[in-house]
Amino acid sequence: SRRGVRVDIFAHADAAREALGFTPELRLEGPIDSVVPDATTEHLLATLREALSNVAQHANASKVDVVVECGDDVMLRVVDDGVGLPDRVDPGGGLRNMERRALELGGTFSVRPGDRAGTVVEWRVPLG
């Protein structure tokens, strides 16, 4: 049997610690291990990796919150308190990959400025 999705999410957050200089805060809600299919899990983890890598490379953040919620869909939100989005987001970069992964699974992807600073990345994919 494979490891739980939660375990993998924690492992990814931990792996990003060195590049970020701190550990992301995680909040996981819902029956993630039992309802997220393998294919979706793969995309979810890749998106999380990509999002954290983006923050480490560009945001100059001191805090990152990662939320994964499961209901009718699975939602990944990565919020940082960094410098925000550049005026011209590189369309060949990680954002496009994350969006493609969401669309492939019939989901949605959005990037917006945070309430006070930084960036909010939200990736949402239907379950079942």
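**Q** Explain the packing of helix 1 (residues 5-15) against helix 4 (residues 38-59) to me, please; I cannot follow it from the model alone.
**A** It is the contact of helix 1 with helix 4, at a shortest axis distance of 10 Å, that shows an interaxial angle of 15 degrees. Put simply, helix 1 runs roughly parallel to helix 4. Considering the relative orientation of helix 1 and helix 4, their crossing is right-handed. From helix 1, V5, D8, I9, H12 and A13 reach across to helix 4, where they touch T41, L44, L45, L48, R49 and L52. A per-class count over the contact of helix 1 with helix 4 returns seven nonpolar, two polar and two charged.

**Q** What is the right way to look at the pattern of salt bridges in this model?
**A** One pass over the full model with this rule turns up nine salt bridges. Across the salt bridge formed by E29 and R27, the nearest N and O atoms sit 2.6 Å from each other. Judged by its relative accessible area of 41%, R27 is partly exposed. In the salt-bridge network here, residues are joined through shared partners; they are D73, R77, R112, E122 and R124.

**Q** Looking at this structure, how should I read the environment of E122?
**A** Along the chain, E122 falls in strand 5 (residues 119-126). Taking C-alpha positions, E122 is 8.6 Å from R112, a pair spaced ten residues apart along the chain. Filtering out sequence-adjacent residues up to four positions away, E122 remains in contact with M75, L76, R77, T108, F109, S110 and R112. A polar atom in the side chain of E122 sits 2.8 Å from the side chain of R77.

Thresholds applied
Residues numbered from 1 in each chain as written. Predicted model: local features only at pLDDT ≥ 70, side-chain atom pairs only at ≥ 80, totals over all residues. Heavy atoms only, no water. Axes fitted to C-alpha atoms, helices over the stretch in contact; angles between N-to-C directions. Helix = DSSP H or I, 4+ residues; strand = E, 2+ residues; numbered from the N terminus. Parallel < 35°, antiparallel > 145°, perpendicular 65-115°, else oblique. Left-handed = near helix turned anticlockwise from the far one by under 90°. Contact = heavy atoms within 4.5 Å. Nonpolar A, V, L, I, M, F, W, Y, C, P; charged D, E, K, R; others polar. Salt bridge = Lys/Arg side-chain N within 4 Å of Asp/Glu carboxyl O. Buried < 20%, exposed > 50% of the residue type's maximum accessible area, 1.4 Å probe, protein only. Polar contact = N/O pair within 3.5 Å; in protein donor to acceptor, adjacent residues only side chain to side chain.

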